[in-house]
Amino acid sequence: MKIHGEWEVSQVRNVVVRAFAGNFNEQGVRAMFEDYKAIAPTGVAWASLAQGEYWEMAPSAALKAYTSMREWAIAHGCQCIAFVCPSRFHLEIVQRNTGVVPSDDFYVCATTEEACAWLTTKGFPFSIQDFQHTAFLEKAKRTLENDPLSSFFRVA
C-alpha cells in the first residue's frame, strides 16, 4: 500500500524533531517511525518535539502505531515529548485511540514557540532558531490551503 503523510526528522543536540503534515495511514506512521528511530540518540537522555500543526488525521490503526513509537522512545532514553497539535479535536482523537494523555512528560501545545519553551524548562534547551523545518511547514500550509478536498482551513 502507498505511504500517506509527509514528514521530516532532524536532531538538534539532544532533541529529536519530527515535523509532519497531511493525512497519514499506518504505513506512513511506520515509515516515519523508522526515520525517527534511525536519528534518535543512544546512551543519553533526549527529548522529542512532534510538530504536527498541519497534520490532518490518521485512521485508528495508524494512531495505534503511534503508541508503539512513543513506547519505543521512552524505553530508549526519551525523557519528554512536546506535541504541537492542530486542535482539541485532533487531541481527543489521539487520546481516544492511543490512551496518551498530557502529563508531566507529554506536553500538548499550539505553537512551536510554546513547545520550545517547555522543552527548555524540562532541561533540553531548544529555541525557535533551532527549529529546522520552517520551510516544510510553509509548504504543508500552502498545500492544504490550495487543496479543494481539504477542510483543514475551512470551518463550517
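For every chain, the first residue of the written sequence is number 1, and numbering continues from 1 onward in sequence order. Under the rules for a predicted model, residues below a pLDDT of 70 receive no local features and side-chain atom pairs below 80 are neither given nor counted, while totals for whole chains, interfaces and linings still include all residues. Note that water and hydrogens are dropped before the side-chain values are worked out from all heavy atoms of the structure.

**Here's the deal with unusual backbone geometry**
Here is step 1 of the chain: In the Ramachandran plot, R13 falls in the positive-phi region, its phi being about 50 degrees despite a non-glycine side chain.
Here is step 2 of the chain: Each helix is a run of DSSP H or I of at least 4 residues and each strand a run of E of at least 2, with the numbering of both proceeding from the N terminus. Secondary-structure assignment places R13 in the loop between β1 (6-12) and β2 (15-23).

**Quick look at the layout of surface pockets**
Here is step 1 of the chain: Residues are said to line a cavity or pocket when one of their atoms sits within 4 Å of a point; the points come from a 1 Å grid over protein atoms alone, cavities being sets where a 1.4 Å probe fits but cannot get out and pockets being open sets with protein on both sides within 12 Å along at least five of seven lines. Grid points are joined across faces, edges and corners, and a volume is the space filled by probe spheres set on the points. For the largest pocket, the calculated volume is near 280 Å³.
Here is step 2 of the chain: Lining the largest pocket are 17 residues; nearest its centre among them are E6, G22, N23, E56 and T143.
Here is step 3 of the chain: Within the residue set of the lining of the largest pocket, elements represented by two or more residues are β2 and α5 (134-146).
Here is step 4 of the chain: For the lining of the largest pocket, the leading source of residues is α5, giving five residues.
Here is step 5 of the chain: Taken together, the residues of the lining of the largest pocket sort by class into six nonpolar, six polar and five charged.
Here is step 6 of the chain: Taken as a whole, the second largest pocket spans an internal volume of roughly 160 Å³.
Here is step 7 of the chain: In terms of lining, the second largest pocket is formed by Q51, E53, Y54, T112, E113, I128, F131, T134, L137 and E138.
Here is step 8 of the chain: Among the secondary structure elements, those contributing two or more residues to the lining of the second largest pocket are β3 (46-57), α4 (112-121) and α5.
Here is step 9 of the chain: When residues are grouped by polarity, Ala, Val, Leu, Ile, Met, Phe, Trp, Tyr, Cys and Pro land in nonpolar, Asp, Glu, Lys and Arg in charged, and all others, Gly among them, in polar. When grouped by side-chain class, the residues that make up the lining of the second largest pocket number four nonpolar, three polar and three charged.

**Structural notes on α5**
Here is step 1 of the chain: Given the number of residues in a helix, its expected span is that number minus one, multiplied by 1.5 Å. Its 13 residues place the ends of α5 18 Å apart at the C-alpha level, agreeing with the 18 Å of an ideal helix rising 1.5 Å per residue.
Here is step 2 of the chain: The classification of residues rests on relative accessible area computed with a 1.4 Å probe and restricted to protein chains. Under 20% of the type maximum is buried, over 50% is exposed, and intermediate values are partly exposed. Every buried residue of α5 is listed here: F136, L137, A140 and L144. Each buried residue of α5 lies within a common arc of 95 degrees when the element is viewed along its axis, so the set occupies one face. Of the residues in α5, the exposed ones pointing more than 90 degrees away from the buried face are A135 and N146.
Here is step 3 of the chain: Whether two residues are in contact is decided by their heavy atoms: any pair within 4.5 Å suffices. Of the surrounding elements, those touching the buried residues of α5 are β1, β2 and β3. The directions from the helix axis to the C-beta atoms form the arc being described.

**A closer look at the pairing of β2**
Here is step 1 of the chain: Where burial is concerned, most of β2 is hidden: eight out of the nine residues are buried.
Here is step 2 of the chain: Two strands are said to pair when DSSP picks up at least two bridges between them. When β1 meets β2, the two strands line up antiparallel, connected through seven bridges. Bridge pairing links W7 to F20 in β2.
Here is step 3 of the chain: Linkage of β1 to β2, two consecutive antiparallel strands, is achieved through a turn of two residues, within which R13 is found at a positive phi near 50 degrees.

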